[in-house]
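In case you want the letters, here they are:
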Amino acid sequence: MKALVLSGGAGTRLRPFSYSMPKQLIPIVNKPVLEYAVENIAALGVTEVAVIVGDRAAQITEALGDGSRFGVRITPIHQDRPRGLAHCVELARPFLGDDDFVMYLGDNMLPDGITAVADEFRSGRPAAQIVVSKVPDPRPFGVVELDAEGAVVALVEKPAHPRSDLALIGVYFFTHAIHEAVGAIEPSARGELEITDAIQWLLTRGHRVKAGEYDGYWKDTGRADDVLECNRHLLATLDRRIEGDVDATSELVGRVVVEPGARVVRSRIVGPAVIGAGTLVEDCRIGPDTSVARDCVLRATRLTDSIVMAGATISQVPGLHGSLIGRSANIGPSDHAEAHHRLVVGDHTHVEVAA
């Protein structure tokens, strides 16, 4: 079995972050979402992994390298612009050959793994095995309709009026039969080759398509609130680990990780929380539910339920909550005598200011 990981896409729901970084590199507990995907694939015993990349291929390559640290070999495949999931399969055909493969959307988090689904596919080898989960609003997803016996009846991509609450969660297993289906379908009204149309083509022609509801934790990290929720979920699984320097006046409560080279000075950190390597936390109150990445500087700041990305500086901010702070961002007090807020805000940014 091979693997096809999708890490292109515009990431419009994660702007402004996705203007400067692929959405698949947003960190959850200080590790890019894409790394979790590759680790799940490696756990299946798959060693050949193709990664669909867009115009930020260099950042993806820097994050994953050649795959050797995961025990896999990574082959990047360039897509000039988003043209649909089935188009990714078409692009990867020379790599995939006639092998079975798993297709994995690189912005999906499934920390409980996909080994059970893979085992089921390997034992039965249907033409397609899809994984679904019930969602409150299925309109942004591919939606699956099942009959009374649980058999797949139809699949519709991002329907305006869904007939089911079962969403495709971004993991698909295929035999080589999918290539004929991809070659037979036409672009949708969105101008993309939809994988749901290809699977529907298989269904219509009598191929076996299986669906199973995922019983682990799943989150599509396409929005800031989803990223923060997923961060909270994974932080709750941390074991306490103190590898950096913590001075005698500081207090660490509960599940706290202080990575090597980090320094905590005159501060209180309430877990679950992680402080990244090389970061300085001084005169702060941090946590719970907070991830601070490597090489940050936090001084005289109160921070809860947030993610701070690498190289950021936050000084004298009395209350940050539910925040995503980008790479090398600088947040601090004004030097004007009259108290006021000063913002330099990019497109699609969301800001809440205390009254």
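The rules behind these values
- Residues numbered from 1 in each chain as written.
- Predicted model: local features only at pLDDT ≥ 70, side-chain atom pairs only at ≥ 80, totals over all residues.
- Heavy atoms only, no water.
- Helix = DSSP H or I, 4+ residues; strand = E, 2+ residues; numbered from the N terminus.
- Buried < 20%, exposed > 50% of the residue type's maximum accessible area, 1.4 Å probe, protein only.
- Contact = heavy atoms within 4.5 Å.
- Areas by Shrake-Rupley, 256 points an atom, 1.4 Å probe, with all protein chains shown as cover.
- Salt bridge = Lys/Arg side-chain N within 4 Å of Asp/Glu carboxyl O.
- Core = buried A, V, L, I, M, F, W, Y, C linked by side-chain atoms within 4.5 Å.
- Polar contact = N/O pair within 3.5 Å; in protein donor to acceptor, adjacent residues only side chain to side chain.
- Pairing = 2+ DSSP bridges.
- Right-handed = clockwise from strand over helix to strand, strands pointing away.
- Phe/Tyr/Trp six-rings, centres within 6.5 Å; stacked < 30°, edge-to-face > 60°.
- Lys NZ or Arg CZ within 6 Å of the ring centre and 35° of its normal.
- Axes fitted to C-alpha atoms, helices over the stretch in contact; angles between N-to-C directions.
- Parallel < 35°, antiparallel > 145°, perpendicular 65-115°, else oblique.
- Left-handed = near helix turned anticlockwise from the far one by under 90°.

A look at the overall build of the protein
- Summing up its helical and strand segments, the protein has 9 helices and 30 strands in all.
- Counting over 355 residues, the protein shows a buried share of 52%.
- Considering only intrachain contacts with a sequence separation of at least 6, the fraction spanning at least 24 residues in the protein is 51%.
- Accessible surface, the protein: about 16500 Å² in total, of which carbon and sulfur atoms supply 48%.

With respect to the pattern of salt bridges
- As enumerated under the stated definition, the model contains 24 salt bridges in all.
- As a salt-bridge pair, Arg 190 and Glu 192 come within 3.1 Å of each other at their nearest N and O atoms.
- According to the relative accessible area criterion, Arg 190 is partly exposed, its value standing at 42%.
- Each of the salt bridges in this network shares a partner with another, and the network as a whole consists of Lys 219, Arg 223, Asp 226 and Glu 229.

Focus: the nonpolar core
- Counting 38 residues, the largest nonpolar core has Leu 4, Ile 178 and Ile 195 as its most contacted members.
- The element that contributes the greatest number of residues to this core is helix α8 (residues 195–204), accounting for 6 residues.
- Apart from the residues within four sequence positions on either side, Leu 4 is in contact with Ala 50, Ile 52, Cys 88, Val 89, Ala 92, Leu 96, Phe 101, Val 102, Met 103 and Tyr 104.
- Within the second largest apolar cluster, 34 residues are counted, among which are Leu 34, Ala 63, Ile 114 and Trp 218.

A few points about the side chain of Ser 164
- Within the secondary structure, Ser 164 sits in the loop between β10 (152–157) and β11 (166–174).
- With relative accessibility at 16%, the residue Ser 164 sits in the buried group.
- Within the local environment of Ser 164, its side chain forms a polar contact with the backbone oxygen of Val 144, the two atoms lying 2.7 Å apart.
- Within the local environment of Ser 164, its side chain forms a polar contact with the backbone nitrogen of Leu 166, the two atoms lying 2.9 Å apart.

A look at the pairing of strand β5 (residues 73–78)
- In the sheet, strand β4 (residues 48–53) pairs with β5 via 6 bridges, with the strands oriented parallel. The partner of Val 49 across the bridge, within β5, is Ile 74.
- The parallel pair β4 and β5, bridged by helix α3 (residues 57–64), forms a crossover whose chirality is right-handed.

Here we look at the packing of aromatic side chains
- One pass over the structure, following the stated rule, counts 4 aromatic pairs.
- Residues Phe 101 and Phe 174 carry aromatic rings whose centres are separated by 5.4 Å and whose planes lie at 45 degrees to one another, so their mutual orientation is tilted. Residue Phe 101 is found in strand β6 (residues 101–105), and its partner Phe 174 is found in strand β11; the two are separated by 73 residues along the sequence. Side by side, Phe 101 and Phe 174 carry an identical accessibility label, which is buried.
- Among the aromatic side chains, those forming a connected cluster through ring pairs are Phe 101, Tyr 172 and Phe 174.
- Here Lys 2 stacks its cationic end above the ring of Phe 95, 5.0 Å away from the centre of that ring.
- One Lys or Arg, Lys 31, reaches over the ring of Tyr 36 and ends 4.3 Å from the middle of that ring.

Considerations on unusual backbone geometry
- With an omega dihedral of 0 degrees, the bond running from Gly 271 to Pro 272 counts as a cis peptide bond.
- Summarising the element assignment, Pro 272 is placed in the loop between β19 (268–270) and β20 (273–275).
- Put simply, Gly 287 and Pro 288 share a cis peptide bond, and its omega is 5 degrees.
- Summarising the element assignment, Pro 288 is placed in the loop between β22 (285–286) and β23 (290–292).
- The phi angle at Val 29 is positive, at roughly 50 degrees, despite the residue not being glycine.
- Mapped onto the elements, Val 29 comes out in the loop between β2 (27–28) and β3 (31–32).
- Overall, the relative accessible area of 14% leaves Val 29 in the buried class.
- Phi at Asp 283 takes a positive value of approximately 55 degrees, unusual for a residue other than glycine.

Examining the sheet that holds β19
- Spatially, 5 strands are ordered β16-β19-β22-β25-β28 in an open sheet, and the strand pairing comes out parallel. Among the strands making up the open sheet, the edge pair consists of β16 (251–253) and β28 (320–321).
- Relative to β19, β16 runs parallel, the two being bridged by 3 bridges. Looking at β19, one finds that Val 253 is bridged to Val 270.

Concerning the packing of helix α7 (residues 177–184) against α8
- α8 packs onto α7 with a crossing angle of 115 degrees between their chain directions and a minimal axis gap of 8 Å. Viewed along their axes, α7 and α8 adopt a mutual orientation that is roughly perpendicular. At the point where α7 passes α8, the crossing takes the right-handed sense. On α8, the residues that touch Ala 177, Ile 178, Glu 180, Ala 181, Val 182 and Ala 184 of α7 are Ile 195, Ala 198, Trp 201 and Leu 202.

By themselves, these observations are geometric and do not establish any function.
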